[in-house]
Amino acid sequence: MERRVATSLFTTDLAAAAVRGALAKLDPRVLWRNPVMFATGVVAAFATILFVRALVTGAGDAGFQGQLVFWLWLTVLFGNFAEALAEGRGKAQAAALRSTKAELTGVRLTGDTRETVAASALAAGDVVMVETGALIPADGEVIEGVASVNEAAITGESAPVIREAGGDRSAVTAGTRVISDWIKVRVTVEPGQGFLDRMIALVEGSSRAKTPNEIALTILLTGLTLIFLVVIATLPAFAAYAGGSIAVPVLVALFVALIPTTISALLSAIGIAGMDRLVRFNVLAKSGRAVEAAGDIDVLLLDKTGTITLGDRQASEFVALPGIAQSDLIEAALLASLADETPEGRSIVALAREEGFRTTTTAGAAVVAFTAQTRVSGIDTGDRSIRKGAVDALLKLHDHDPQAVTALRRITDRIAREGGTPLAVADGIRLLGAVHLKDIVKSGVRERFAELRRMGIRTVMITGDNPLTAAAIAAEAGVDDFLAEATPEDKLALIRKEQQGGRLVAMCGDGTNDAPALAQADVGVAMNTGTQAAREAGNMVDLDNNPTKLIEIVGLGKQLLMTRGALTTFSISNDVAKYFAILPAIFVVLYPGLDTLNVMRLASPESAILSAVIFNALIIPLLVPLALRGVAYRPQPAGRQLLRNLGIYGVGGIVSPFVGIKLIDLAVSGLGLA
Amino acid sequence: MDALFLVAAVLGITALLSVPLGRYMAAAMEPGDAAPRLTRAFERISGARGGQGWKAYVVSMLVFNLCMFALCFAILALQQHLPMNPDGKGALSLDLIFNTTASFTTNTNLQHYSGEVSMSYLSQLAALMWLQFVSAATGIAALAALARGIAGRADMGNFLIDVQRASFLILLPVALVFAVVLVLLGLPMTFQGAAQALTLEGAVQTIARGPVAAFVAIKQLGTNGGGFFGPNSTHPLENVSFWSNAVEMGAIILIPMSCVWMFGRIIGRPRHGAVIFGVMATFLLLTIAGSVGFERAPTAAFAGLPIEAAGNLEGKEMRFGATGGPLWAVLTTATSNGSVGAMHDSLNPMTGLMPMLGMWLNSTFGGNGVGMINMFLYIVVAVFVAGMMVGRTPEYLGHRIEAREVKLAILALFAHAAMILGGTALFAATPWGADTVLNAGPHGFSEILYEFTSASANNGSGFEGLGDNTVPWNVATGLVMLAARFIPIILPLAIAGSLMAKRRSAESAGTLGVEDATFATMLTITIVIFGALTFFPAGVLGPVAEQLSMPH
Amino acid sequence: MGNFTSSLRVVAATMAVCVVGYTAVIWGVAQAVTPGTADGSLILRANGTVIGSRQIAQGFTRPEYLWPRPSAVDYNAAAAGGSNLSPTSPKIALRGAEMVTRYGATPARPLPPDLATASGAGLDPHISLAGALYQVPRIAAARGLDPTVVARLVEDRALRPGGPLTDGRIVNVLEVNLALDGL
């Protein structure tokens, strides 16, 4: 079902491309997008000029300055590399998609004429004919015909799906192949705006706009950079008071070490990787904003069928009316179901066989098929007219004995209360009893909902069942609330009500009538098999058509933000150690007593400064895997989550550079670099 | 042991008093329909009525503060022509008038003059003491407005009503009580001019006095700190005994503490208020421990002389005991009070770092109203980072913290850092500052650093050896005080205004809690990293360098 | 403009209540309840002239008097102030040495530190009991008194300023000197 590609973080190809990308991103116009890295680049350039001057004039310690300049540029390049690597992984996927797209052509029908045109020439409203073996040239809606379509190019799922005019299975996607029959498709998108285009853009990261949260974080980091700029810019004056001076390259080093380069370098990689994780999870988000919104979800609206319960109900019990032999009921139910190929019908047959009923033939019998109008099905054999169906629908067929009706009601109410669906069985005017069709709650969902509750997310089950049945299933599945006999309008109203109360709502849906609710929801996940309207309305599309994924999507959204927060904390916490490395080194010439602050006992001032800068640069590639993978996430209440991350990334961020800088200092002084 | 008792007694009793006072303050600022006649009276006095948005509120506040500035300026400029001047105080220089007026308008009370030398009784009372009431009331009003915004009220209230509530219902009654207590403890309260004494050895001694008790009560309560006499509360007539010292210390932190409770009540989250109180108290206790501890070291310069090596007594009064000085130094700077009970310039080097730390953070109780407002800035930053770490778009009490809020908060923190470090750099590197220091070496640097820190924190205390009554100092610190007063009020109100406009989201187990120890930890770390780290290099070059350069 | 006139009205109201009203009340209470301290704790001679204030140090230099702590402003009660010197300052060391000479301190009989340090306002009326007892031999010699009598007189006037909250005892220099003159 799922096409999860185990992409390793570093393949040679990706890494090589990322290195080229890192260099290309040195372009100031590109670098400008990330103010902190831009500042790093500017001061690195400045330090380079000073280094060259030192080389030319022979003044100053050119060797030390040269190493400093080298590591400053490496800091910038590492940041670019992280971004390029994240983009590269998406680009590889995009390239494959694009090759599919390039060869698309379509047969356009205009009046009676047919002409073969390139997909790019197809505009919204055009009608194309797609026959067996052809690729569908553009997103659209089937207006005529039925065909089975292989959508593996998009979903990675090889089993073909049926696409037909009308109803909820009319949407087709460019790049998918018709493998039998033919369909006429009305194109619904303009060239270049189709699903495939969007997917390419998405995985490539080219249209990646910064999310509001990313913008806010960038502002915070820029503000911190400005604050540290003041800190550094005032130091020469302070030193002048003390009757000394501080070399400019050293100031540059301190500046770069203090500003939050680590998180800034990894910021876009985190965002791209978050989207990428979703893509590899076979969910396409239309914007990064939607991914972040997923982390904020307070209420999950889940369709009962397929999400909470197995899609198919199973017969679990035959309940005969008083005075009716159990065997009569079972036999009648069996006869009525023999020709019924629905899962429910098959389960009735299976249950009857378990009870020892062997009737197999229905020779000479006339099968009465289920229709939406009558909502009953059955069989006419001889003088018997056996019917099964929803209680109300069945009772409508004849005027039954009121006593029997009351008895039947009693039975069906009990079944409903137990969470089952009653299926009434009658033989002509004689009511026989009911079959208890049971919803089977998926294993493990109860635990999932408990988990969600701990995370502060409420689950609401949406079902067309009556309130009694819904309540029983809700209790069994452990959801917090349910909406019974739900119409699309009810769903929409519920979403609005929750939003009014300040909660963010996620839902998934596939039908055209889901579209308004999908659009209203903060996170609307449309099933890929759904209608074009539903896919347009939602802000995510699940290629696997698996509504349970909503839960994982919330997790991915949270993980994205947590990664950002954790690395921000780590990056800023590092400053404590960097201060203790660099400040004594700078100030010891002014006041020798300040050597006491050299708590790491670093070998020399030059080595201390160099070590801090090297640590600052090396930590970026070291954290790239974490940025791409995301920090470990487990569902738990916010308080515990914060404590855990604060412990790992806050305390860790304070302690680790002390160790790291000391080790680098041992290496630097051991190698005689400074 | 005695130190522990004193700290516990002063802080404990004040903290206990602050709880009911905070509740009362919330009720006074937010009477609802409880006191319609009072509200109507305030409306009639001011002619102002109706709720204001954040911009209207700020405009009203600025206009009122402009009136405060103008009137004080006029009185000081004309004092030699005005009555209530028994000792015939003369004219003041324009730059000193500007500096003093800016200082008292902004609740700073940095004093580049000496009260008993320069000021007539009218100047002391009608200009300076009046501003001590209304500038403190401005801060309390601003906090009430901020809290209303966060609470999600439709408007921020009305500034001119609020400032009357804070003046008449909060500061006035509390000041009356404290002033009477100080009178009973022996502080002077007279309109007679200086007394001429013929000493036992036959010398003539002129003893300045005046209406001190009334002045000192509001000076302490309103986090003003401007002394009636030059050496402030080290002066025996401004602070006559151990007990008046204890009372005055309590008065420093009483209203700042109460402001936190008031904030918690108005936003409807007293537990959140308690968590903030806890964080502030933690910083306060740590700096007190540092201050009292470091001050136990003897006066370093006496090394080698036959002088007993007890604690450092330079600049301290015998009647306050060993702990009174360093404890006061922390209290007065953790809040933005700025009165002194010992000469900060003469504190041991590392002890001197503690007051600076308090002013750099400027939110560990802080000034009347504004301390809590400053803490709000740190809360915004803490919530933003912590919010991400719990995997949600950051929210504070259901308000989403987004780009605009972060931008305004970081701008305010930037301004504080830029004014302190920028000002210090300018004056340290030029004769403006370098020629005015009394002590050489790193201690002189500390004097300059302290002065700008104090101005930017609207504190008003000083390393008083600095010869700061010069045109550059008067102008520079005057400007810093004005900017440092209004930027950190206007920007937070703008944040609250922006929060008010957003739809509030519901809280759940998934949202960041602001009422637990985890949040307190997060807030503490944020304050250390965003507040203290910025000033680490400056601190190293001042007090730390002095300490570590001492011969052992 | 509305803002401005409204502000002026609040200016007037606060001035009337918080300055005029408040000051008048406190002044009234002080003059009625504690008239002595309200006017500055002055000590008068029989003829009505002022000797000094109980709260303000005088600069005693004669050997028969108890000497107060050093003053950075020479006991000027019209312009008070401290030394504002850093405890690491060489000037402090200089003054320390001066005091050591003045009191004739030796390593065997070190000087209590309050006698070598200037107070905050330069007007500290108190010295430590140790500082007072340190001076007893000189005073007794100058006055031709039994040192134990002088010591008892000093100790009788020593008090714990904060009761249980303070460790050491202090004495008021002017009060002791008045008592000495009264012997």
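Note that this is a predicted model, so its numbers are computed, not measured. (Residues numbered from 1 in each chain as written. Chains lettered and ligands numbered in written order. Predicted model: local features only at pLDDT ≥ 70, side-chain atom pairs only at ≥ 80, totals over all residues. Heavy atoms only, no water.)

Let's shift gears to the overall build of chain A. Looking only at helices and strands, chain A features 23 helices and 22 strands. What you see for chain A is a C-alpha radius of gyration of 33 Å, clearly larger than the 26 Å of a compact globule of 674 residues, by over 25%. Counting only C-alpha atoms and orienting by the principal axes, one finds that chain A spans roughly 115 × 60 × 40 Å. Relative to its 674 residues, chain A shows a buried fraction of 57%. Of the contacts formed within chain A by residues at least 6 apart in sequence, a portion of 70% connects residues at least 24 apart. Summed over all atoms, the accessible surface of chain A reaches about 26,100 Å², with 58% contributed by carbon and sulfur. Charge separation in chain A, taken as the distance between the mean sites of 62 positive and 67 negative side-chain charges, equals 6 Å. (Helix = DSSP H or I, 4+ residues; strand = E, 2+ residues; numbered from the N terminus. Rg over C-alpha atoms; globule rule 2.2 N^0.38 Å. Buried < 20%, exposed > 50% of the residue type's maximum accessible area, 1.4 Å probe, protein only. Contact = heavy atoms within 4.5 Å. Areas by Shrake-Rupley, 256 points an atom, 1.4 Å probe, with all protein chains shown as cover. Lys, Arg positive; Asp, Glu negative; His and termini not counted. Charge placed at Lys NZ, Arg CZ, Asp CG, Glu CD.)

Before going further, it helps to examine the overall build of chain C. The secondary structure content of chain C amounts to six helices and four strands. Once the C-alpha set of chain C is aligned to its principal axes, its extents read approximately 75 × 45 × 35 Å. Relative to its 183 residues, chain C shows a buried fraction of 54%. Across chain C, contacts joining residues at least 24 apart in sequence account for 55% of those joining residues at least 6 apart. Counting every atom, chain C has about 7,200 Å² of accessible surface; 62% of that belongs to carbon and sulfur.

Bringing the interface of chain A and chain B into the picture now. Residue-level contacts link 60 residues of chain A with 60 residues of chain B. For chain A, the biggest contributors to the area lost against chain B are Phe-238, Tyr-241 and Leu-642 of chain A; these three give 15% of the whole. For Arg-392 of chain B, the salt bridge is made with Asp-298 of chain A, and the minimal N-O distance between the two is 3.2 Å. Remark: the boundary between chain A and chain B carries 12 residue pairs in polar contact (both at pLDDT 80 or more). The set of elements that each furnish at least two residues to the side of chain A that touches chain B consists of α7 (212-241), α16 (445-454), α21 (549-587) and α23 (638-670) of chain A. Here the element with the most residues in the side of chain A that touches chain B is α7 of chain A; it accounts for 17 residues. (Buried area = accessible area lost by both parts, 1.4 Å probe. Salt bridge = Lys/Arg side-chain N within 4 Å of Asp/Glu carboxyl O. Polar contact = N/O pair within 3.5 Å; in protein donor to acceptor, adjacent residues only side chain to side chain.)

Two aromatic rings are characterised by how far apart their centres lie and by the angle between their planes. In total, this model carries 30 aromatic pairs over all chains according to the counting rule given. Ring centres of Tyr-121 of chain B and Phe-228 of chain B lie 6.3 Å apart, and the angle between their planes is 40°; on these two criteria the pair is classed as tilted. You can see Tyr-121 of chain B sitting in helix α6 (residues 121-151) and its partner Phe-228 of chain B sitting in the loop between α8 (212-221) and α9 (242-266), a full 107 residues away along the chain. Overall, Phe-228 of chain B belongs to the buried group, its relative accessible area being 2%. Three or more aromatic residues joined by ring pairs form one cluster here, namely Tyr-579, Phe-580 and Phe-658 of chain A together with Phe-536 of chain B. Residue placement shows Arg-138 of chain C over the ring face of Trp-67 of chain C; its charged tip is 3.4 Å from the ring centre. Above the plane of the ring of Tyr-65 of chain C lies Arg-143 of chain C, whose end atom (NZ or CZ) is 5.3 Å from the centre. (Phe/Tyr/Trp six-rings, centres within 6.5 Å; stacked < 30°, edge-to-face > 60°. Lys NZ or Arg CZ within 6 Å of the ring centre and 35° of its normal.)

Time to look at the environment of Tyr-65 of chain C. Looking at the element boundaries, Tyr-65 of chain C is found in the loop between β2 (50-53) and α3 (90-103). For Tyr-65 of chain C, a relative accessible area of 5% gives the class buried. As for Tyr-65 of chain C and Ile-26 of chain C, which are separated by 39 residues in sequence, their C-alpha atoms are 38 Å apart. Once residues within four sequence positions are removed from consideration, Tyr-65 of chain C is found in contact with Leu-200 and Glu-201 of chain B together with Phe-60, Gln-135, Arg-138, Ile-139, Arg-143, Asn-177 and Asp-181 of chain C.

Here we take up the sheet that holds strand β18 (residues 458-462) of chain A. All names here are of chain A. If you walk across this open sheet you meet the seven strands as β10-β22-β21-β20-β11-β18-β19, and the pairing is mixed. Looking along the sheet, the strands with just one partner apiece sit at the ends: β10 (283-285) and β19 (481-483). On average, each strand axis in the sheet is inclined to that of its neighbour by 20°, with strand direction left out of account. Across three bridges, the pairing between β10 and strand β22 (residues 540-542) is antiparallel. Paired with Ala-285 across the strands is Met-540, a residue of β22. On top of the sheet, α21 reaches β10, β11 (299-303), β20 (505-509), β21 (523-527) and β22; it is set at about 155° to β11, its chief contact. (Pairing = 2+ DSSP bridges. Axes fitted to C-alpha atoms, helices over the stretch in contact; angles between N-to-C directions.)

Here the focus is the interface of chain C and chain B. The partner chain B presents 97 residues to the 97 residues of chain C that form the contact. Contact between chain C and chain B buries roughly 7,600 Å² in total, counting both sides, with carbon and sulfur atoms accounting for 67%. When residues of chain C are sorted by the area they lose upon contact with chain B, Tyr-22, Asn-84 and Leu-165 of chain C head the list and together hold 10% of the total. In this structure, the connection of chain C to chain B is made through two salt bridges. Here Asp-124 of chain C ties to Arg-319 of chain B by a salt bridge, and the two come within 3.7 Å at their closest N and O atoms. The interface formed by chain C and chain B includes 45 residue pairs in polar contact (both at pLDDT 80 or more). Of all the elements, helix α1 (residues 2-33) of chain C adds the most residues to the side of chain C that touches chain B, at 23 residues. Class assignment of the residues belonging to the side of chain C that touches chain B gives a composition of 52 nonpolar, 34 polar and 11 charged. (Nonpolar A, V, L, I, M, F, W, Y, C, P; charged D, E, K, R; others polar.)

Moving on, we come to the arrangement of the chains. Highest in contacts among the two pairs of chains that touch are chains B and C. In this assembly chain A lies apart from chain C, the nearest approach of their C-alpha atoms being 15 Å.

Moving on, we come to the pattern of salt bridges. If charged atoms from side chains of opposite charge come close, those side chains can pair. As enumerated under the stated definition, the model contains 50 salt bridges over all chains in all. A salt bridge links Asp-439 of chain A to Lys-304 of chain A; the shortest N-O distance between them is 2.6 Å. A residue pair is termed long-range when its members are at least 10 positions apart, and Asp-439 of chain A in the loop between β17 (430-438) and α16 and Lys-304 of chain A in helix α11 (residues 304-308) qualify at 135 residues. Note on accessibility: Asp-439 of chain A and Lys-304 of chain A belong to one class, buried. Glu-402 of chain B is the salt-bridge partner of Lys-502 of chain B, the closest N and O atoms lying 2.7 Å from each other. Pair noted here: Lys-502 of chain B is in the loop between α17 (471-500) and α18 (517-532) and Glu-402 of chain B is in the loop between β4 (399-400) and α14 (403-429), with a separation of 100 residues, a long-range link. Members of the salt-bridge network, linked through shared partners, are Lys-304, Arg-313, Glu-344, Asp-439 and Asp-465 of chain A.

We now examine the environment of Phe-318 of chain A. Inspection of the secondary structure puts Phe-318 of chain A in strand β12 (residues 314-320). Distance from Phe-318 of chain A to Pro-422 of chain A, taken between C-alpha atoms, is 9.8 Å for residues 104 residues apart in sequence.

This paragraph deals with the sheet that holds strand β5 (residues 146-150) of chain A. Residue and element names in this part refer to chain A. Reading across the sheet, the three strands line up as β6-β5-β8 and stay open at both edges, with antiparallel pairing between neighbours. Edge positions in the open sheet fall to β6 (161-164) and β8 (177-181), since each of these has one partner strand only. Ignoring strand direction, the axes of neighbouring strands in this sheet form an average angle of 40°. Where β5 and β8 come together, four bridges link them in antiparallel fashion. Bridging across to β8, Ser-148 finds its partner in Ser-180.

Before going further, it helps to spend a moment on the confidence of the model for chain C. Averaged over chain C, the pLDDT score is 95; the fraction of residues at 70 or greater is 99%. Scoring the predicted complex yields pTM 0.90 and, for the interface, ipTM 0.96. (pLDDT = per-residue confidence, 0-100.)

On to the packing of helix α11 (residues 321-334) of chain B against helix α12 (residues 349-361) of chain B, then. Residue and element names in this part refer to chain B. Following both chains from N to C, one finds α11 and α12 inclined at 20°, their axes separated by 7 Å at the closest point. On the basis of the axis angle, α11 is roughly parallel to α12. As α11 packs across α12, the resulting crossing turns out to be right-handed. Contact residues: Pro-326, Ala-329, Val-330, Thr-333 and Ala-334 in α11; Thr-351, Met-354, Pro-355, Gly-358 and Met-359 in α12. (Parallel < 35°, antiparallel > 145°, perpendicular 65-115°, else oblique. Left-handed = near helix turned anticlockwise from the far one by under 90°.)

Turning our attention to α18 of chain B. Along its 16 residues, α18 of chain B runs 21 Å from first to last C-alpha, staying within 8% of the 22 Å computed at 1.5 Å per residue. Turning to α18 of chain B, its buried residues are Thr-518, Phe-519, Ala-520, Met-522, Leu-523, Thr-526, Ile-527, Ile-529, Phe-530, Gly-531 and Ala-532 of chain B. (Expected span 1.5 Å × (residues − 1).)

So, about the state of the cysteines. Here, the word disulfide means a covalent bond between the sulfur atoms of two cysteines. If you walk through the whole model with that rule in mind, you get zero disulfides over all chains. A disulfide-free cysteine, Cys-67 of chain B has its sulfur positioned 13 Å from the sulfur of Cys-72 of chain B, the nearest such atom. Among the residues examined, Cys-67 of chain B registers a relative accessible area of 5% and is labelled buried. Its sulfur unpaired, Cys-18 of chain C is 15 Å from the next cysteine sulfur, which belongs to Cys-72 of chain B. (Disulfide = S-S within 2.5 Å.)

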